[in-house]
Amino acid sequence: MIQKAKESVQPKVLIVDDEEAICAAARRLLRSKNIDCVTASTPQEALKILKREDCWVVVSDYRMPEMSGTELLEEIKKNYPNISRLMLTGFLELPIIQEAINRASVFRFITKPWDETELLLGIETAIQHSGRKRTNSQLAHEIGVQNQKLEELTQNLESEVMKRTQGIEESRRMAESKQKLVRELTGFVKNLSRVSTIPQLYEVLYYEMTRFHGVSVPYLLTFEEHGRGRLYWMQHENLHEKHISSLPQHFGSLRLRTSSPEDRVWWESHIKKECRQLVTIPIRAREIPSSLPVALFLVEHDLDKGKLVDFLERITERLQPVSIVLDKIMLRHQLEIAAEQWEATFDGFRDPIAVVDKEEKVIRANKNFFKKDQSRCYEMFDKRTELCIDCPMPIAISSQEAASGLVRTATQKSYRVLSYPVLGSDQVRRVVNHYTDISHERDLYLKLVQSEKLAAVGLLAGNIAHELNNPLSGIRALAQLLKSETSPSSPHHADLDEVERAAIRCQQIIKNLLNFSEPSTEYDENVDINDLISITLPLLKTNLRNQNVHTYFAESIEKVKLQPSQIQQVIFNLVNNASQAMASGGVLTIKTWQEKGKVCFSIADSGPGIPPELHQRIFEPFFTTKGVGTGTGLGLSVSRSIVEKFGGQLTLESKMGLGTVFTVVLPSKPLAK
Ligand code: ADP
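What you see is a predicted model, and the numbers here were worked out from it, not measured in a lab. The residue numbers shown here count from 1 along each chain, following its written sequence. With pLDDT at 70 or above as the cut-off, local features in this predicted model cover only qualifying residues; side-chain atom pairs require 80 or more to be listed or tallied, and sums for whole chains, interfaces and linings still use all residues. Remark: hydrogens and water are excluded; side-chain values derive from all non-hydrogen atoms of the structure.

### Some thoughts on the sheet that holds strand S20 (residues 586-595)
- Overall, mixed pairing links the 5 strands, which are arranged S18-S20-S21-S23-S22 in an open sheet. Strands with a single pairing partner mark the edges of an open sheet, and in this sheet they are strand S18 (547-552) and strand S22 (649-655). The mean angle between the axes of side-by-side strands here comes to 15°, regardless of whether they run parallel or antiparallel.
- Pairing between strand S21 (residues 598-605) and strand S23 (residues 659-667): 8 bridges, direction antiparallel. A pair of strands is labelled paired if DSSP reports no fewer than 2 bridges between them. Helix and strand assignments come from DSSP, with helices taken as H or I runs of at least 4 residues and strands as E runs of at least 2, each series counted from the N terminus. The axes are straight lines fitted to the C-alpha atoms, using for helices just the contacting stretch, and the angles between their N-to-C directions are given from 0 to 180°.

Now the structure itself:
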């Protein structure tokens, strides 16, 4: 490529002609028209000038010695396409013109000798033509440069877009893998939250672990008290559990590490199979203030070192929530133990205990708390339809303090009930009721009261009897005196007779009272009960005229040491009561029999019977259901006191509508008086 001359703004014309005169004429003409102009006498010189100077138009002679004008202009066309080419020629022959146009694209032909105007016009038009060409090529050049810049920009943009796309793709992949991790972790935590036992925990861990490529069969070893443990592992889709009585001591301080050969031997001996590589991961409970683990997680794997590190990192992160679950399981376990202990203690109480809410519903009760098929405490306790009378619960609830009460059941049992309020935030939410059966103590107490009463009555009766006996003796003596002075036919005689009989009856009552209250002066004898009954019955003949009397005496019977008249009085009282109970007829049955160390007799009637609520009261002194003048209410109380004085017992059995049996049991070797 020809080196280009520096471009000039001023158009310059190169005239090439081997005749100096033509060159000079052209120079003169063009300069006169202020057109810059250079001349060359040979084509070579012209080509040299063009290397040096930027010419817009070349006007060349056709005929020159070394090179024709057509050849020169062809050369110029090739190397300087923006230069407009004109040809000066004396002969305008068509072949020359054709050749010049075809080879050198000659812009215009000017004939010699030239017409100045034609030459100038041709040159100016050529200058304009060249100017346009220059402008075009300048524009083309600029467009080329712009295109190139555009091309570069496009390329930059493409690579930027490519880079960005790669970045976005990378972030998307990262986001996706993070999402996957979060999903996995959420699923794992969700599964863990449903876990409530160690075997369940193991199963969740098993499925979590085996997701890691190259990891299989995790083992879980939980530590228990006194160096014991429990091992869990999965084999053939079945969970195996094994109790271990003695764990190696160093297991308690194991850290996250690859299992040592000794440990491996230990594991293999327990799981009865050869293991691949093992790694131990200690799990610590959070709430237990010890740095020692509460469980060991052991994983079998065939990971290389790099992957193992990655695995351990992920697994440590994964196992973090397991600590919380372990806490939960252990607390639950402790709670179960505490509940069991509490229940055992609760049931261990001999007394019934019940925890009752404010609506009297039983929340818990120990096994001694009666029927458990009802919901309210009174239904369970006494088959009642409302709160027991004197139940202390309402007081305990309203006063917020322990209260006690005495409750009697339908079965005639007495309970001392202690109600302990259990306070919620600021009010009683429930009550613990403790029931103590005091029936026996209460019976004893009532008996004590009764015997005190009897003793008091006895004392009183004795005093009254002594006081009454004297005036009665006076009345009786006076009645006898007046009677002796009155004619038997007088109506007063009968009245006086009645007064005397009444006085005698009063004295008999007083005698009975004195017997009851004062020690007898009679001496003990060895008495045959059969004989005693036999001699007493005839005395009661009048009383028994409406009844059938049956006697069944034991064939041989031991004698009893006692005062016969007193036992006679007992027989008399019991037979008299029986005959009065069967006033319009019935059967009186008297039996005697011998038991080991005891002599017994019973007096039974077929009367109406005695209602149960009176069984105690009929033994009270002065208790009678008989009309005035018929009963004194002393017969049974005196009889019981006599029998008990000889170390015996007087009891009764009675069925309403069927009759009553009074039984006397006397020791055959009576107590010393
Ligand atoms: P009294 O006979 O003077 O009433 P007791 O002490 O002997 O006094 O008897 C007390 C009460 O016991 C009697 O009033 C009667 O109601 C009842 N009683 C005693 N024995 C019998 C009996 N065999 N059958 C029915 N009731 C009886």
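### Looking at the side chain of Ser 579
- Assignment of secondary structure puts Ser 579 in helix H15 (residues 564-581).
- Discounting residues that sit within four places of it in the chain, Ser 579 has contacts with Asn 543, Leu 544 and Gln 547. Contacts were defined at the residue level, with two residues in contact if any of their heavy atoms lie within 4.5 Å.

### Observations concerning the site of the ligand
- The rule for a residue being near a molecule or strand is that one of its heavy atoms must lie within 4 Å of it. By nearness alone, 17 residues border the ligand, and Asp 605, Thr 624, Thr 625, Lys 626 and Thr 632 come closest of all.
- Any pair of N or O atoms that falls within 3.5 Å is considered a polar contact. Within protein, one atom must be able to donate a hydrogen and the other to accept it, and sequence-neighbouring residues count only if both atoms are side-chain atoms. In the environment of the ligand, an oxygen atom lies 2.5 Å from a nitrogen or oxygen atom belonging to the side chain of Thr 624.
- Calculation on the ligand without its partners gives an accessible area of 530 Å², and the protein chains cover 91% of this total.
- Those elements giving two or more residues to the shell around the ligand turn out to be H15 and helix H16 (635-645).
- The element that contributes the greatest number of residues to the shell around the ligand is H15, accounting for 3 residues. Surface accessibility follows the Shrake-Rupley procedure with a 1.4 Å probe radius. Residue values consider only the protein chains on display as shielding.

### Brief notes about the nonpolar core
- To form a nonpolar core, buried Ala, Val, Leu, Ile, Met, Phe, Trp, Tyr and Cys residues must be joined to one another through side-chain atoms within 4.5 Å. When a residue's accessible area, from a 1.4 Å probe over protein chains only, is under 20% of the maximum for its type it is buried; when over 50% it is exposed; and in between it is partly exposed. In this structure, Leu 201, Tyr 219, Leu 220, Leu 221, Trp 267, Phe 297 and Phe 311 are the most contacted members of the largest nonpolar core, which totals 46 residues.
- In terms of residues, this core owes the most to one element, helix H6 (residues 198-209), which gives 7 residues.
- Those residues in contact with Tyr 219 that sit more than four places away from it in its chain are Tyr 202, Leu 231, Tyr 232, Trp 233, Trp 267, Ile 271, Lys 273, Cys 275, Leu 296, Phe 297, Leu 298 and Glu 300.
- Counting 39 residues, the second largest nonpolar core, distinct from the first, contains Ala 554, Leu 574, Val 575 and Leu 614.

### Overview of helix H7 (residues 261-271)
- Burial in H7 covers these residues: Asp 263, Trp 266, Trp 267, Glu 268, His 270 and Ile 271.
- Trailing H7 by a residue or two, Lys 272 shows a phi angle of about 60°, which is positive.

### Here we look at the sheet that holds strand S1 (residues 12-16)
- Spatial ordering of the open sheet is given by S2-S1-S3-S4-S5, a layout of 5 strands whose pairing is parallel. This sheet does not close on itself; its edge strands, each paired only once, are strand S2 (36-40) and strand S5 (108-111). Taken pair by pair, the neighbouring strands of this sheet meet at an average axis angle of 20°, ignoring direction.
- The pairing of S1 with strand S3 (residues 57-61) spans 4 bridges and is classified as parallel.

### Some points on a nonpolar patch on the surface
- The patches reported here contain residues having more than 30% relative accessible area and no salt bridge. Joining distances are 9 Å for like charges and 5 Å for nonpolar side chains (Val, Leu, Ile, Met, Phe, Trp, Tyr). Between Lys or Arg on one side and Asp or Glu on the other, a salt bridge is scored when a side-chain nitrogen of the former is within 4 Å of a carboxyl oxygen of the latter. A cluster of nonpolar residues, Tyr 445, Leu 446 and Val 449, forms a patch on the protein surface that exposes about 270 Å² of accessible area.
- Position of Leu 446 among the secondary structure elements: in helix H12 (residues 439-485).

### So, the pattern of salt bridges
- Counted by the stated rule, this structure contains 27 salt bridges.
- Lys 180 is the partner of Glu 184 in a salt bridge, and the nearest nitrogen-oxygen pair spans 3.8 Å. Here Glu 184 and its partner Lys 180 are both found in helix H5 (residues 116-193), 4 residues apart, which amounts to about one turn of the helix.
- Among the residues examined, Glu 184 registers a relative accessible area of 16% and is labelled buried.
- Residue Lys 180 is classed as partly exposed on the basis of its relative accessible area of 47%.
- Taken together, the shared-partner salt bridges in this structure form one network comprising Glu 169, Glu 170, Arg 172, Arg 173 and Glu 176.

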